[in-house]
Amino acid sequence: MALIEVQNLTKSYKTFKRKEGLKGAFINLFRREYEFVQAVDNINFHVEQGEILGYIGPNGAGKSTTIKILTGILTPTDGKVTVNGLVPYKQRQQHVKNIGVVFGQRTQLWWDIAVIEAFTLLRDIYEVSKTDFQEQLKKFDEVLGIGPLLHIPVRKLSLGQRVRCDIAASLLHNPPVVFLDEPTIGLDVAVKSNIREFIKEMNASLGTTMILTTHDLSDIEYLCQRSLIIDQGKIIFDGDLQKAKDELARERKIQVDLYERVDIDGIREQLKIAKLEFTRRNDYSLTISFDKDEISAIDIIQKILDHLHPRDIKIEEPTIETVVKEIYQKKSF
Ligand SMILES: Nc1ncnc2c1ncn2[C@@H]1O[C@H](COP(=O)(O)OP(=O)(O)OP(=O)(O)O)[C@@H](O)[C@H]1O
Ligand SMILES: [Mg+2]
């Protein structure tokens with residue numbers, strides 16, 4: 001059995017439909033109308049021990065809802081979930097000792113107390129020994145620079161400072177399963193890169209299993225060999241995005257800078273290769289687009305060197321964003 005099993009999971013929210021205006025507010029008092037939002041719609045997946053799974057999708061796709069069910073905060077409408085053999089929403093107390101959770105959009109720390117007091121409370125809740133606790137604090141200070149923040153009340157921290165403390169808090173007890181819902185939101189580039197390294201290191205040295213939700217696809221590219229894409233509550237992709245990039249994003253671009261003015265018709269005539277698309281970038285530069293499965297970049301570059309006098313040539317690889325956009329548009333892959 002996999003470490004995380006999700007079977008036919010469905011979650012719909014019942015929401016109160018509010019009528020507008022004063023008259024509407026009055027009607028609301030007596031006649032309540034409800035509507036249902038199908039946030040997660042019959043999804044299936046599993047995560048093996050030691051995997052870092054990327055969980056991506058547009059706003060409102062159902063990512064946080066899934067994470068909330070996996071962490072035991074929400075009960076599903078239908079379907080079955082197990083994490084480490086436990087049903088999160090039924091065996092909450094046992095479950096929370098095994099997991100760490102970061103919701104970047106919302107703090108899990110107590111608003112009015114200083115960071116160190118919150119950490120000490122968590123130390124007691126999770127029964128972390130004093131020596132382990134000191135060691136963890138030292139490690140988190142090196143990676144996340146939380147040392148100077150320890151005596152500040154949580155409510156006075158900036159977004160990035162707060163997220164750093166939240167990450168430390170959720171990992172204090174070295175949990176075997178970690179859920180990271182937008183953990184790098186609001187972080188500056190240096191801290192972000194530290195956190196990425198830290199996640200990678202934690203996974204490699206302790207075999208921690210992780211699910212990572214983020215809108216920053218470079219995090220996914222760096223950390224996840226496998227990703228799920230969810231859209232309108234349904235899983236539309238399950239696999240390796242790097243492989244998908246090779247199969248899906250076939251368009252390649254070569255940027256050519258010239259010494260003389262760009263003459264598209266003249267260049268097309270000189271290169272004599274069918275199925276190329278030329279676009280002028282400016283007076284001295286153009287882009288040649290082609291399908292990598294139809295023509296090789298080497299052949300095109302060879303012709304460019306033979307017939308034009310380029311000042312510079314750059315090949316543009318498709319980005320992971322292009323691939324994800326393509327999958328969103330196709331709605332399945
Ligand atoms: N408590 C709630 N009551 C009613 N509807 C909700 C509730 N929480 C979420 N929803 C709705 O469920 C859908 C999925 O929301 P969810 O928060 O899971 O999306 P998400 O993928 O995490 O999006 P984002 O990238 O913006 O964080 C959305 O349409 C949202 O409006
Ligand atoms: Mg979310």
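Conventions we followed
- Residues numbered from 1 in each chain as written.
- Chains lettered and ligands numbered in written order.
- Predicted model: local features only at pLDDT ≥ 70, side-chain atom pairs only at ≥ 80, totals over all residues.
- Heavy atoms only, no water.
- Helix = DSSP H or I, 4+ residues; strand = E, 2+ residues; numbered from the N terminus.
- Rg over C-alpha atoms; globule rule 2.2 N^0.38 Å.
- Buried < 20%, exposed > 50% of the residue type's maximum accessible area, 1.4 Å probe, protein only.
- Contact = heavy atoms within 4.5 Å.
- Areas by Shrake-Rupley, 256 points an atom, 1.4 Å probe, with all protein chains shown as cover.
- Lys, Arg positive; Asp, Glu negative; His and termini not counted.
- Charge placed at Lys NZ, Arg CZ, Asp CG, Glu CD.
- Domains from an automatic or database assignment.
- Near = heavy atom within 4 Å.
- Polar contact = N/O pair within 3.5 Å; in protein donor to acceptor, adjacent residues only side chain to side chain.
- Pairing = 2+ DSSP bridges.
- Axes fitted to C-alpha atoms, helices over the stretch in contact; angles between N-to-C directions.

The next point concerns the overall build of the chain. For the chain, the count of helices and strands is 12 helices and 13 strands. Rg of the C-alpha trace for the chain: 26 Å, well past the compact-globule value of 20 Å for 333 residues, more than 25% over. For the chain, the residues scored as buried account for 49% of the 333 residues in total. Contacts in the chain between residues at least 24 apart in sequence constitute 70% of all its contacts with a sequence separation of at least 6. In the structure as shown, the chain presents an accessible area of about 17700 Å², 49% of it carried by carbon and sulfur atoms. Of the charged side chains in the chain, 46 are positive and 48 negative; the average position of the first set lies 8 Å away from that of the second.

Splitting the chain by domain gives domain 1 (49-245) and domain 2 (250-317). Just the C-alpha atoms count here: the centres of domain 1 and domain 2 sit 45 Å apart.

By nearness alone, 15 residues border ligand 1, and Gly60, Lys63, Ser64, Thr65 and His215 come closest of all. Within the side chain of Lys63, one N or O atom sits 2.8 Å away from an oxygen atom of ligand 1. Within the side chain of Ser64, an N or O atom sits 2.8 Å from an oxygen atom of ligand 1. For ligand 1, whose accessible area on its own is 640 Å², the fraction buried by protein is 66%.

It is worth spelling out the sheet that holds strand E2 (residues 33-47) at this point. Reading across from one edge, E2-E1-E4 is the order of the three strands in this open sheet, with antiparallel pairing throughout. Lying at the two open borders of the sheet, with one neighbouring strand each, are E2 and strand E4 (78-83). When strand polarity is set aside, the average angle formed by the axes of neighbouring strands in this sheet is 30°. Bridge count for strand E1 (residues 4-17) against E4 is five bridges, and the pairing is antiparallel. Residue pairing across strands places Thr10 opposite Asp78, the latter belonging to E4. Taken strand by strand, helix H2 (residues 63-71) contacts E1, E2 and E4, and its axis lies near 115° from that of E1.

With that out of the way, let us pick up unusual backbone geometry. Positive phi, close to 55°, is recorded for Asn42, a residue that is not glycine. Position of Asn42 relative to the elements: it lies in strand E2. Owing to a relative accessible area of 42%, Asn42 belongs among the partly exposed residues under this scheme. Located in the positive-phi region is Lys272, a residue other than glycine, with phi close to 50°.

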